[in-house]
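Listed below, chain by chain, are the residues.
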Amino acid sequence: MYDKGLSVLEQYGLEASAVYRGRGALICDTKEGMVLIREFYGTQKKLEYQAELLSSISRTSEVLVDEILKNQEESYISLDKDTVPYIVKRWYKGRECDTRNEKDIYAGISAMAALHKVMQMPIQAHYVKEPLNREFQRHNAELRKIRKFVSAKRKKNDFELQFLESIQRYLVHGEDALKRLEMSEYEKLREQALEQGVVCHGDYNQHNVWMLEQQTEKEVAVTNFESCNYDIQMADLYQFMRKILEKNDWDFRIGENMLNKYQEIRPLSKGELENLSIRFAYPDKYWKLANYYYIHNKAWISEKNLEKLKKLTAQHEKWRTFVESMT
């Protein structure tokens, strides 16, 4: 029902004057500001860790985040009458970052840099990200496995034919990126990041960067830290830049401006710039598309996935030109 979960507001001493639907959530206007109510599926331990991180950011950064609220019983989790668990978070009036709007893009990258300056937490081993060299090795092995599987099929659809036509050069890119990584300062950078308790957002993309309306002097809020982890923060920077550049046909000027905007707030070391370049050199999007094909129903391939593969291969030269510009 529309009001599912709404009753938990009573446990916070809040009352909704207006209610809106969000993505799998309810957004409410209250006298204390906007809040978001969402059913909770995770572990209490990770939720408490996330809440501590967001509270720390709220105390030390000008960037607004969707801080998790405690109820009147001092708990982050509230049960409704059917014992369904919910969480309540601060929320903001605005819109998602427009990937075609350069003002939005640069505001989003500046917000990331400001967050990265303060995102540190005492290390908890459960939330340490897999080493990048191990990830590259695993992904390369999976690409070879998928190639072997598709090659053995007697009857191949259009997606599989185009995959076989393109796989070899992407495998070469993957192996080259792994070699570069193993010869770089990566291990030193990772060791330093873990020693300092450096935290990444883990899912920094346009959907989690909000451009706020003018009721506040602050223009950006960053949300959905559920994937936060310990890693080199180039992981966040790469992810956001790649998403934006894919949407803008690998426009070098936009990429350069994003990097400059980030470094105006948080300058990068030579080793970090090299690590960012290596991340861009790996065919991550290609692996994701191939892996999606392999783990889903192969008897029917959607036209959308075929279109994604065609677009990816069509952008190959522009992607590689951008990669070369970073080396």
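Here the structure is shown first, and the text comes after it.
On a predicted model such as this, the values are computed, not experimentally measured, just so you know. (Residues numbered from 1 in each chain as written. Predicted model: local features only at pLDDT ≥ 70, side-chain atom pairs only at ≥ 80, totals over all residues. Heavy atoms only, no water.)

Caption draft 1: Geometry of the pairing of strand β3 (residues 33–39). Here strand β2 (residues 25–30) runs beside β3; their pairing, made up of five bridges, is antiparallel. In the sheet register, Asp29 faces β3, and the bridge partner there is Met34. The hairpin formed by β2 and β3 contains two residues between the paired strands. Pairing analysis gives five bridges linking β3 to strand β6 (residues 85–90), with the strands arranged antiparallel. (Pairing = 2+ DSSP bridges. Helix = DSSP H or I, 4+ residues; strand = E, 2+ residues; numbered from the N terminus.)

Caption draft 2: Structural view of the packing of aromatic side chains. Using the criterion set out here, one finds 15 aromatic pairs in the structure. An angle of 10° between the planes, with centres 5.9 Å apart, marks the rings of Phe163 and Tyr286 as stacked. Pair noted here: Phe163 is in helix α4 (residues 158–183) and Tyr286 is in helix α9 (residues 284–295), with a separation of 123 residues, a long-range link. Tyr286 shares its class with Phe163; the two are buried. Taken together, a centroid distance of 3.9 Å and an interplanar angle of 10° make the contact between Tyr170 and Tyr286 stacked. With Tyr170 in helix α4 and Tyr286 in helix α9, this pair connects stretches of sequence that are 116 residues apart. Comparing Tyr170 with Tyr286, the two get one shared label, buried. Through successive ring pairs, a cluster of aromatic residues spans Tyr238, Trp250, Phe252, Phe280 and Phe322. (Phe/Tyr/Trp six-rings, centres within 6.5 Å; stacked < 30°, edge-to-face > 60°. Buried < 20%, exposed > 50% of the residue type's maximum accessible area, 1.4 Å probe, protein only.)

Caption draft 3: Representation of the packing of α4 against α9 within the structure. The interhelical angle for the contact between α4 and α9, taken along N-to-C directions, is 140°, at an axis separation of 12 Å. When the axes of α4 and α9 are compared, the pair comes out oblique. Regarding α4 and α9, the two cross each other, and that crossing is left-handed. Of the residues in α9, those in contact with Phe159, Glu160, Phe163, Ser166, Ile167 and Tyr170 of α4 are Tyr286, Leu289, Ala290 and Tyr293. Of the residues belonging to the contact of α4 with α9, the class tally is eight nonpolar, one polar and one charged. (Axes fitted to C-alpha atoms, helices over the stretch in contact; angles between N-to-C directions. Parallel < 35°, antiparallel > 145°, perpendicular 65-115°, else oblique. Left-handed = near helix turned anticlockwise from the far one by under 90°. Contact = heavy atoms within 4.5 Å. Nonpolar A, V, L, I, M, F, W, Y, C, P; charged D, E, K, R; others polar.)

Caption draft 4: View of the environment of Ile68. Position of Ile68 relative to the elements: it lies in the loop between β4 (64–65) and β5 (78–79). Note on Ile68: relative accessible area 4%, which makes it buried. Sequence-wise, Ile68 and Ala51 are 17 residues apart; in three dimensions their C-alpha atoms are separated by 5.6 Å. Filtering out sequence-adjacent residues up to four positions away, Ile68 remains in contact with Leu47, Gln50, Ala51, Leu54, Tyr76, Val88 and Lys89.

Caption draft 5: Broad picture of the sheet that holds β3. Judged by pairing direction, the sheet is antiparallel, and its five strands sit side by side in the order β1-β2-β3-β6-β5 without closing on themselves. Edge positions in the open sheet fall to β1 (18–22) and β5, since each of these has one partner strand only.

Caption draft 6: Representation of the sheet that holds β4 in the model. Strand order across the open sheet formed by four strands is β4-β10-β9-β7, with mixed pairing between neighbours. One side of each edge strand has no neighbouring strand; the edge strands of this open sheet are β4 and β7 (94–96).

Caption draft 7: The arrangement of unusual backbone geometry in detail. Phi is positive for Glu74, close to 65°, though the residue is something other than glycine. Note that Glu74 resides in the loop between β4 and β5. Residue classification places Glu74 among the exposed residues on the basis of a relative accessible area of 56%. Backbone geometry places Thr83, a non-glycine residue, at a positive phi of 60°.

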